[in-house]
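Below are the chains, spelled out letter by letter.
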Amino acid sequence: MSVNRRGPRGGGRGGVQESGEEVGIWRDIQQEIAKLDTYERRAAELKKQIFAKEVKMKDAKVAGKEPSLEDYNELDAMYREQVRIAESQKALIGSLSGQTGLLQTIDVLTGLVRHNENENEMAMPRGSGSRDSRSTVDMDGPSDSPGPSPADTRRFGNVKGQGRTSSQPPRSSGAEVVVTTGTPSEPSERNTAKPKVVYAVNDEVAFKRKSGEETDWIQGQVTRVIGEGKSRRYEVKDPYPDDKSVDNVYKSSASQMVPIPKDGTKLEDYEPGKRVLALYPSTSTFYRADVMRMLEGGSKVELLFEDETEGKLQQVERRFVLDHKG
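Overview of the structure. (Residues numbered from 1 in each chain as written. Predicted model: local features only at pLDDT ≥ 70, side-chain atom pairs only at ≥ 80, totals over all residues. Heavy atoms only, no water.)

**A closer look at helix α2 (residues 69–93)**
- Taking 1.5 Å as the rise per residue, α2 with 25 residues should run 36 Å; its terminal C-alpha atoms sit 36 Å apart, in good agreement.
- Taken as a whole, α2 has its buried residues at D71, L75, M78, I85, Q89 and L92.
- Backbone geometry just after α2 places G94 at a positive phi near 70°. (Helix = DSSP H or I, 4+ residues; strand = E, 2+ residues; numbered from the N terminus. Expected span 1.5 Å × (residues − 1). Buried < 20%, exposed > 50% of the residue type's maximum accessible area, 1.4 Å probe, protein only.)

**With respect to the pairing of strand β6 (residues 275–279)**
- Counting buried residues in β6 gives five out of five residues, a clear majority hidden from the surface.
- Side chains R275, L277 and L279 project from β6 onto one buried face, and the interleaved V276 and A278 project onto a second face that is buried too.
- As judged from the five bridges shared by β6 and strand β7 (residues 285–295), these two strands associate in the antiparallel manner. Residue A278 lies in a different strand from β7, and its bridge partner there is Y287. (Pairing = 2+ DSSP bridges.)

**Regarding the packing of aromatic side chains**
- Under the counting rule described, the total for this entry stands at four aromatic pairs.
- Seen in terms of ring centroids, F207 and Y250 are 5.8 Å apart; in terms of plane orientation they differ by 50°. Their pairing is tilted. Here Y250 lies in strand β4 (residues 249–252) and F207 lies in strand β1 (residues 204–211), a separation of 43 residues in the sequence.
- By relative accessible area, Y250 is classed as partly exposed at 24%. (Phe/Tyr/Trp six-rings, centres within 6.5 Å; stacked < 30°, edge-to-face > 60°.)

**Here we look at the pairing of strand β9 (residues 314–317)**
- The alternating pattern of β9 places Q314 and V316 on a buried face, while none of Q315 and E317, on the opposite face, is buried.
- The pairing of strand β8 (residues 300–305) with β9 spans four bridges and is classified as antiparallel. Bridge assignment links K300 to a residue of β9, and that residue is E317.

Coordinates in, geometry out; function isn't part of it.
Here's what the structure looks like:
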């Protein structure tokens, strides 16, 4: 089975390249602003010309002389140019909900800067205070927190028919999560009260699976609830196992799981730069990523995955983008 690999951690996406990317986008923004300034100056000139023309035509009428057809045509041409300038400015500026435009470019640059700031923060020594409180989700059991894995690979292809390889797992926070049956829940760092979620059979989750010396976060489904309270454990099925000949049901605890909202659930938009745990396209593995922007009315999220080769942006369905730092 062929394996496509993501770029190695700490590889070609070094600080110089990221800084160069930011500088390139900033230069594009400056060029667009210069165009806007040119339009604005021309619009100001037209305003003066139109005013002068209207005064001249009004004075002619007061003097008993009807303005010529040429005067009306010149005035009409200036009005039309004003409209074209306004439309060009609107297209150049764009909107945050659109696909192109100056506002979108600024939004992408903002997300990229925040992503790089997060990368710098992640690179700080483990004893640094900025690495504390990696998640606000309460868990109901202890969580292992393995060190970084040297491996960082992923299989691509149709999720239902293909497997996955493991990668550096997002870190668990050591908190309690419990998903009430039939009640969609997505832990949010904006909530002041940490939600307790009790998972039920058939709930979709992202869960941390250990395979040999490596761990990763993968898509799963709860098949059994064992015990109560803090001793509660779960059996979680891997719907897309690498090897279908081996057992694909794992024992897990709430500390190793994050709920996936049900299809159709109304979810809040993310702000650009937010760190999330997201399903990588065409796989069943979750990775850390930074939000660039919301798309299609909030139904999709444009993301920059951690250690993504050449900073390629990916689009992921909103419900598979979890409010969890990993």
